[in-house]
Amino acid sequence: MILPVRNLQGEEVDRIEVQDSVFAVPPHPALLHQALVRQQANARQGDAVAKTRGEVAGTTRKPFPQKHTGQARRGSLRSPLQPGGGKAFPPRLRSYRQDMPRKMRRLALKVALSDKVREGVVVVVSNLDIGSARTRDMAQVMSNLGVVGSALVVTAEADQGVIRAGRNLPGVKTLPAPLLNVEDVLSRRHMVITVDGVRRAEELWGEKGAAA
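Residues numbered from 1 in each chain as written. Predicted model: local features only at pLDDT ≥ 70, side-chain atom pairs only at ≥ 80, totals over all residues. Heavy atoms only, no water.

### Some points on the packing of aromatic side chains
Then, in step 1: This model, assessed by the stated rule, comprises 0 aromatic pairs.
Then, in step 2: Lying across the ring of Y96, R44 places its NZ or CZ 3.6 Å from the centre. (Phe/Tyr/Trp six-rings, centres within 6.5 Å; stacked < 30°, edge-to-face > 60°. Lys NZ or Arg CZ within 6 Å of the ring centre and 35° of its normal.)

As structure tokens, this is what we get:
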């Protein structure tokens with residue numbers, strides 16, 4: 001597959017060939033859904049805890065006589081119906097973690113990248129050497145590239161200048177290629193990736209890529 005390469009002014013300056021095994025994988029919605037649910041589930045803490053009526057502090061004495069008071073029969077002040085009582089069906093410590101084979105995780109990421117390419121929302125840039133780490137400079141670059149709305153900016157490795165320039169732009173997230181994941185790719189409309197970022201992704205997940 002051939003993708004155009006643009007400079008920071010939005011002009012096409014080159015064309016590069018990318019691996020079909022990374023950027024032209026057939027669609028697989030079910031796999032994408034499974035990978036996304038897994039990632040979101042694994043991010044959950046699962047540490048919410050509340051007490052039942054048998055665990056809250058309080059007397060076990062019956063608060064008032066069973067009969068002749070005109071009130072509903074009440075057996076305990078620790079009832080879920082009482083202020084300060086226990087919860088009827090409280091949350092407990094639990095793990096939401098889901099497992100997924102490594103080959104499926106790798107394939108899901110490649111499917112997500114390929115979907116972005118098919119949608120025409122991937123912009124390959126020669127570099128992101130902005131010069132200054134100012135937000136307005138990054139905003140101008142996004143405008144020059146025709147990127148409107150949310151975007152994932154991908155570099156080969158973590159670039160502190162790019163990170164500082166993009167962190168205050170609403171909807172824009174910067175990420176090094178080794179940390180690419182299904183949720184970040186799917187949750188942003190556009191992807192801006194450097195040529196080095198493309199090559200790094202191919203090195204990691206291409207036909208000859210090392211194990212992730």
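And the narrative resumes.
### Concerning the packing of helix α2 (residues 29-42) against helix α3 (residues 102-119)
Then, in step 1: Running from amino to carboxyl end, α2 crosses α3 at an angle of 115°, the nearest separation of the two axes being 9 Å. As the angle between them shows, α2 and α3 are arranged roughly perpendicular. For the pair α2 and α3, the crossing hand works out as left-handed. Here L31, L32, Q34, A35 and R38 of α2 lie close against α3, whose contacting residues are M104, R105, L107, A108, V111, A112 and D115. (Axes fitted to C-alpha atoms, helices over the stretch in contact; angles between N-to-C directions. Helix = DSSP H or I, 4+ residues; strand = E, 2+ residues; numbered from the N terminus. Parallel < 35°, antiparallel > 145°, perpendicular 65-115°, else oblique. Left-handed = near helix turned anticlockwise from the far one by under 90°. Contact = heavy atoms within 4.5 Å.)

### A look at the nonpolar core
Generally speaking, nonpolar side chains in soluble globular proteins are found buried as a group.
Then, in step 1: Within the largest apolar cluster, 33 residues are counted, with the highest numbers of intra-cluster contacts made by F23, L113, V124, L180, V185 and M191.
Then, in step 2: Among the elements that make up this core, the one with the highest residue count is α3 (6 residues).
Then, in step 3: Beyond its immediate stretch of four places on either side in the chain, V185 contacts L109, A112, L113, K116, L152, L180 and M191.
Then, in step 4: Residues V125, V141, L169 and V192 belong to the second largest nonpolar core, which totals 16 residues. (Core = buried A, V, L, I, M, F, W, Y, C linked by side-chain atoms within 4.5 Å. Buried < 20%, exposed > 50% of the residue type's maximum accessible area, 1.4 Å probe, protein only.)

### Things to note about the pairing of strand β3 (residues 122-125)
Then, in step 1: In β3, alternate side chains face the same way, and those of V122 and V124 on one face and V123 and V125 on the other are all buried.
Then, in step 2: The pairing of strand β1 (residues 2-6) with β3 spans 2 bridges and is parallel. Residue pairing in the sheet places R6 in a bridge with V125 of β3.
Then, in step 3: For β3 and strand β6 (residues 190-194), the ladder comprises 4 bridges, and the chain directions are parallel. Across the sheet, residue V125 finds its bridge partner in β6, namely T194. (Pairing = 2+ DSSP bridges.)

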